[in-house]
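Notes for the structure review
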Amino acid sequence: MSKPLPTILRTHLTALRALLVLTVILGIAYPLLITGISQVAFDDKANGSIVTSGGKQVGSSLIGQSFDLPKADPADPKEEPRPDPQWFQPRPSTNGYAGDNSGAGNLGPNSEDLLKAVDDRRAAVAAFDGVDPATVPADALTASGSGLDPHISVAYAEEQVDRVAKNRGLPVETVKRLVDEFTEGRSAGFLGNEGVNVVLLNKALSEQK
């Protein structure tokens with residue numbers, strides 16, 4: 001008759017068996033189950049809500065992006081980006097819409113840097129859209145908390161309609177209709193304000209004849 005294993009060894013073996021069982025259940029089986037359910041029930045969301053146009057991936061409906069003109073000198077890192085007048089422009093981003101580096105600028109309301117940036121943006125946006133600086137919406141002047149928000153206010157979208165229509169040679173009513181079509185309601189019906197997803201709006205705009 002073999003001698004029983006020492007208590008400390010039995011304890012370690014029991015812990016090892018528990019570790020292996022839990023690893024299989026929680027580290028392999030559970031993730032595969034959840035992944036399978038998400039792929040079947042929420043295929044689009046589970047794969048990043050990718051937006052395609054002309055058979056090509058052009059972005060995600062969850063992450064904003066810039067719509068700028070090509071650089072005059074692509075090799076010049078100091079060249080400032082220039083917004084493309086043919087597209088609806090998103091709100092400012094503190095990180096250039098880099099999905100791996102989300103975050104806010106963390107500048108307070110008394111920051112001189114923030115106040116100067118707001119004044120500079122107000123003048124630039126008003127000149128770009130051909131409107132009175134006093135009418136430029138707040139979201140055209142300040143970045144979101146994540147720096148990745150793809151939405152702008154309805155007011156900012158409507159401000160850009162005439163400029164986009166003119167530069168694309170489209171009827172103003174056609175562009176207004178697109179803004180209305182891509183205006184999203186308040187979250188859960190009562191949280192926040194209505195907004196327009198610029199990525200989806202510009203995708204639809206690119207498909208206009």
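Look a little higher up for the structure.
Let me begin by describing the structure that accompanies this report. For clarity, every value in this text was computed on a predicted model and none was experimentally measured.

Quick notes on helix 3 (residues 112-129)
- Its 18 residues give helix 3 an end-to-end C-alpha distance of 26 Å, which sits within 8% of 26 Å, the value for a rise of 1.5 Å per residue.
- Every buried residue of helix 3 is listed here: Val 118, Val 125, Ala 126 and Asp 129. With its buried residues spanning 95° around the axis, helix 3 presents them on a single face. In helix 3, those exposed residues whose orientation departs by more than 90 degrees from the buried face are Glu 112, Asp 113, Lys 116 and Ala 127.
- Buried positions along helix 3 lie against helix 4 (154-168).
- At the N-terminal end of helix 3, a side-chain oxygen is found 3.3 Å from the backbone nitrogen of Asp 113, two or three residues along, and the residue is Ser 111.
- In the stretch just after helix 3, Gly 130 is the one whose phi turns positive, near 70°.

Quick look at the sheet that holds strand 4 (residues 183-184)
- Ordered by their spatial adjacency, 3 strands build an open sheet running 3-5-4, and the pairing between neighbours is antiparallel. The sheet terminates laterally at strand 3 (151-153) and strand 4, the two strands that pair on one side only.
- Most of the contacts of helix 6 (residues 198-206) go to strand 5 (residues 195-197), to which it runs at about 55°, and overall it touches strand 3, strand 4 and strand 5.

Regarding the pattern of salt bridges
- This structure, assessed with the given rule, holds 6 salt bridges.
- The closest approach of N and O atoms between Asp 129 and Arg 163, which form a salt bridge, is 2.9 Å. Note that Asp 129 is positioned in helix 3 and Arg 163 in helix 4, a separation of 34 residues in sequence.
- Since its relative accessible area comes to 8%, Asp 129 is described here as buried.
- By relative accessible area, which is 6% here, Arg 163 ends up buried.
- One salt bridge in this structure joins Lys 176 and Glu 173, with 4.0 Å as the shortest N-O distance. With a gap of 3 residues between them, Lys 176 and Glu 173 both fall in helix 5 (residues 172-181), about one helical turn apart.
- On the basis of relative accessibility, which here comes to 54%, the residue Glu 173 falls in the exposed class.

Some words on the packing of helix 3 against helix 4
- Running from N to C, helix 3 and helix 4 cross one another at 45°; their axes reach a closest spacing of 9 Å. As the angle between them shows, helix 3 and helix 4 are arranged oblique. Between helix 3, through Val 125, Phe 128 and Asp 129, and helix 4, the contact on the second element is made entirely by Tyr 156, Glu 159, Gln 160 and Arg 163.
- The residue makeup of the contact of helix 3 with helix 4, split by class, is 3 nonpolar, 1 polar and 3 charged.

Quick notes on the side chain of Asn 95
- When you line up the elements, Asn 95 lands in the loop between strand 2 (56-60) and helix 3.
- Reaching out from Asn 95, the side chain makes a polar contact with the backbone nitrogen of Tyr 97 at a distance of 3.2 Å.
- Those residues in contact with Asn 95, other than ones at most four positions away along the chain, are Asn 101, Ser 102, Gly 103, Ser 146, Gly 147 and Leu 148.

The rules we used
Residues numbered from 1 in each chain as written. Predicted model: local features only at pLDDT ≥ 70, side-chain atom pairs only at ≥ 80, totals over all residues. Heavy atoms only, no water. Helix = DSSP H or I, 4+ residues; strand = E, 2+ residues; numbered from the N terminus. Expected span 1.5 Å × (residues − 1). Buried < 20%, exposed > 50% of the residue type's maximum accessible area, 1.4 Å probe, protein only. Arc of directions from axis to C-beta. Contact = heavy atoms within 4.5 Å. Polar contact = N/O pair within 3.5 Å; in protein donor to acceptor, adjacent residues only side chain to side chain. Pairing = 2+ DSSP bridges. Axes fitted to C-alpha atoms, helices over the stretch in contact; angles between N-to-C directions. Salt bridge = Lys/Arg side-chain N within 4 Å of Asp/Glu carboxyl O. Parallel < 35°, antiparallel > 145°, perpendicular 65-115°, else oblique. Nonpolar A, V, L, I, M, F, W, Y, C, P; charged D, E, K, R; others polar.

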